[in-house]
Amino acid sequence: MLKILGRKTSSNVQKVLWVADEIGLKYERTDIGGPFGGNDKPDYLKLNPNGKVPTIIEDDGWVMWESNAITRYLAARHAPGTLYPNDLRQRASAERWMDWQSNTVSPQMVMVFRGLVRTPPEKRDPKTIAAGRDGLSKLMAIMDRHLADNAYMAGPQFTVGDIPLGIAAWRWYAMPIEREDYPNLKRWSDALAKRKPYQTHIMQPLE
Amino acid sequence: MLKIIGRKTSSNVQKVLWACAEMGVKFERQDAGMQFGVTNTPEYIAMNPNKLVPTIIDDGFVLWESNSIVRYLAQKHGMGTLCPTDLKVRASAERWMDWQLSTMGSAFSPMFHGLVRTPPDKRDPQAIEKSRANAETKFEIMDSYLGKTKFLGGDLFSFGDIPLGIYAYRWYAFEGIKRKDLKNLKRWYDDLCKRPGFKEHVMIGLG
């Protein structure tokens with residue numbers, strides 16, 4: 001059975017849990033990272049030299065890390081034509097929004113999320129949190145404009161392109177912050193909220 | 001003909017130029033970004049709301065995010081070569097592309113901007129050294145991996161080598177910085193230096 005190593009409160013682990021449930025894949029998950037530790041142990045570093053989660057191990061012993069690449073791999077293997085579009089343009093569009101989550105949304109999200117969720121109130125830096133929130137809001141505005149013409153990030157259907165940003169959207173709406181009104185983003189987020197795997201793995205209290 | 005918009009000194013533009021050269025894909029390139037401007041015009045923002053380069057237009061299809069562009073072009077023109085057909089090999093290659101986005105880019109960037117795009121009297125030596133040391137730990141991860149495989153995606157050159165190949169060129173091109181002797185990394189880099197597309201589009205100095 002597929003092994004997923006990583007605590008379920010990690011947004012990067014959540015990507016893999018979500019895609020696995022969309023596919024209907026069975027897996028066993030081991031808590032690693034954050035309060036559970038273990039990610040800096042030699043045995044784990046042999047699997048994943050970054051010391052981060054998630055890492056997956058398939059039945060034949062094949063080890064893989066980097067959450068977006070894992071998500072695409074599982075979708076390409078088990079759900080071509082649905083989660084992983086066959087049309088190259090639609091696939092590229094989905095992948096583009098995954099890359100954009102990694103290099104553009106994540107740095108802004110970290111400033112707000114770490115500050116508000118993983119830092120005790122007396123140690124928070126309000127300036128960093130405010131700057132992160134403003135930056136994040138501009139990115140949510142980019143998504144909102146894109147979603148005015150598209151039901152999902154890569155077009156009319158739900159794909160892997162919705163997964164990383166769907167987790168970011170949950171956090172955007174769940175964090176105690178000021179939020180501009182982004183109606184298309186909200187409509188998309190509400191559509192995701194109807195999906196069982198999203199309810200199970202993403203719509204959880206922030207830790 | 002494929003149109004690539006972006007200045008040729010951008011590492012992200014270079015990924016696309018190099019990939020095209022590997023596959024013999026003809027293109028026309030338009031300068032944009034930094035001293036060339038263009039990226040702040042409404043016409044450009046309508047194509048790419050991030051105001052960054054590159055953007056491609058392929059027979060009416062507009063795409064941004066450099067790694068996704070490389071994967072798109074490779075699936076269209078380089079199946080079995082730049083884009084491995086085996087899903088695990090392909091995932092492994094894609095993993096290193098994602099790792100450049102999530103990990104190497106942010107480690108490397110302060111050093112590059114400090115040494116290349118900041119006048120000597122305005123440089124912050126501490127920030128540059130911190131970035132250098134951080135980037136070096138990332139190159140050590142690559143070195144260790146390249147002790148087991150010839151290229152980042154496995155036995156053959158693939159798109160997995162493209163983003164990090166550009167970072168390796170820059171790492172070895174900096175003058176007067178400390179560099180650990182990483183033999184596997186150097187062997188891999190020396191291999192890349194033999195490729196005409198790498199010579200033409202990547203080994204062009206730091207600017």
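As the structure is a prediction and not an experimental result, all values here were calculated from the model.

So, how was this worked out
- Residues numbered from 1 in each chain as written.
- Chains lettered and ligands numbered in written order.
- Predicted model: local features only at pLDDT ≥ 70, side-chain atom pairs only at ≥ 80, totals over all residues.
- Heavy atoms only, no water.
- Contact = heavy atoms within 4.5 Å.
- Buried area = accessible area lost by both parts, 1.4 Å probe.
- Salt bridge = Lys/Arg side-chain N within 4 Å of Asp/Glu carboxyl O.
- Polar contact = N/O pair within 3.5 Å; in protein donor to acceptor, adjacent residues only side chain to side chain.
- Helix = DSSP H or I, 4+ residues; strand = E, 2+ residues; numbered from the N terminus.
- Nonpolar A, V, L, I, M, F, W, Y, C, P; charged D, E, K, R; others polar.
- Buried < 20%, exposed > 50% of the residue type's maximum accessible area, 1.4 Å probe, protein only.
- Arc of directions from axis to C-beta.
- Domains from an automatic or database assignment.
- Pairing = 2+ DSSP bridges.
- Axes fitted to C-alpha atoms, helices over the stretch in contact; angles between N-to-C directions.
- Phe/Tyr/Trp six-rings, centres within 6.5 Å; stacked < 30°, edge-to-face > 60°.
- Lys NZ or Arg CZ within 6 Å of the ring centre and 35° of its normal.

Teacher, can you tell me more about the interface of chain A and chain B here?
Listed by partner, the interface residues are 29 residues for chain A and 28 residues for chain B. Where chain A abuts chain B, roughly 2,700 Å² becomes buried across the two surfaces, and 54% of that area is made up of carbon and sulfur atoms. The interface formed by chain A and chain B includes six salt bridges. In this assembly, chain A and chain B are joined by 17 residue pairs in polar contact (both at pLDDT 80 or more). Mapped onto the side of chain A that touches chain B, the elements with two or more residues apiece are strand 4 (63–65), helix 3 (67–78) and helix 4 (88–117) of chain A. Here the element with the most residues in the side of chain A that touches chain B is helix 4 of chain A; it accounts for 13 residues. Partitioning the side of chain A that touches chain B into residue classes produces 13 nonpolar, six polar and 10 charged.

Just to check I follow, could you spell out helix 7 (residues 183–192) of chain B for this structure?
Residue pairs spaced three or four apart in an α-helix point in one direction, given the helix's 3.6 residues per turn. Residue and element names in this part refer to chain B. Those residues of helix 7 lying buried are Leu-185, Trp-188, Tyr-189, Asp-191 and Leu-192. All buried residues of helix 7 lie within an arc of 155° about the axis, which places them on one face of the element. Looking at the buried side of helix 7, the elements it contacts are helix 1 (11–23), helix 5 (125–145), helix 6 (162–173) and helix 8 (196–201).

For this particular structure, what's the right way to read the domain arrangement of chain B?
A common measure of how large an interface is: the accessible area buried when the components associate. Residues and elements named next belong to chain B. The assigned domain composition of chain B is domain 1 (2–77) and domain 2 (87–195). Here the C-alpha centre of domain 2 lies 22 Å away from the C-alpha centre of domain 1. Across the boundary between the two partners, domain 1 contributes 15 residues, which contact 18 residues of domain 2. Carbon and sulfur atoms make up 61% of the surface buried where domain 1 meets domain 2, a total of about 1,400 Å² over both sides. Contact with domain 2 buries area across many residues of domain 1, yet Trp-18, Asn-67 and Arg-71 alone supply 40% of it, more than any other trio. In this assembly, domain 1 and domain 2 are joined by two salt bridges. Glu-22 is paired through a salt bridge with Arg-195; the nearest N and O atoms lie 2.8 Å apart. Run the count over domain 1 and domain 2 and you get six residue pairs in polar contact (both at pLDDT 80 or more).

Mind showing me how you'd approach the pairing of strand 4 (residues 61–64) of chain B here?
Successive residues of a regular strand alternate their side chains across the two faces of the sheet. All names here are of chain B. As judged from the four bridges shared by strand 3 (residues 55–58) and strand 4, these two strands associate in the antiparallel manner. Bridge assignment links Thr-55 to a residue of strand 4, and that residue is Trp-64. Linking strand 3 to strand 4, which pair antiparallel, is a turn of two residues; within it Asp-59 sits at a positive phi near 50°.

Explanation requested: the sheet that holds strand 4 of chain A in the structure shown.
All names here are of chain A. One open sheet holds the four strands; their spatial order is 2-1-3-4, and the pairing between them is mixed. Strands with a single pairing partner mark the edges of an open sheet, and in this sheet they are strand 2 (27–30) and strand 4. Here the average twist between neighbouring strands, direction ignored, is 20°. Examined bridge by bridge, strand 1 (residues 2–5) and strand 3 (residues 55–57) share three bridges and lie antiparallel to one another. For Ile-4, the partnering residue across the bridge sits in strand 3 and is Ile-56.

In this structure, what is going on with the packing of aromatic side chains? I would like to understand it.
Centre-to-centre distance and the angle between the planes together describe a pair of aromatic rings. One pass over the full model with this rule turns up 22 aromatic pairs over all chains. One aromatic cluster in this structure is built from Trp-18, Phe-151, Phe-157, Tyr-172, Tyr-189 and Phe-198 of chain B. Between Arg-95 of chain B and the ring centre of Trp-65 of chain A, over which it is positioned, the NZ or CZ distance is 4.6 Å. Directly above the ring of Tyr-172 of chain B sits Lys-186 of chain B, whose terminal nitrogen or CZ lies 5.9 Å from the centroid.

I tried to follow the environment of Tyr-73 of chain A on my own but got confused; where do I start?
In this structure, Tyr-73 of chain A sits in helix 3. Sequence separation of Tyr-73 of chain A and Ala-94 of chain A is 21 residues, and the distance between their C-alpha atoms is 13 Å. Not counting chain neighbours up to four residues away, the residues in contact with Tyr-73 of chain A comprise Glu-58 and Trp-62 of chain A together with Leu-87, Lys-88 and Ala-91 of chain B.

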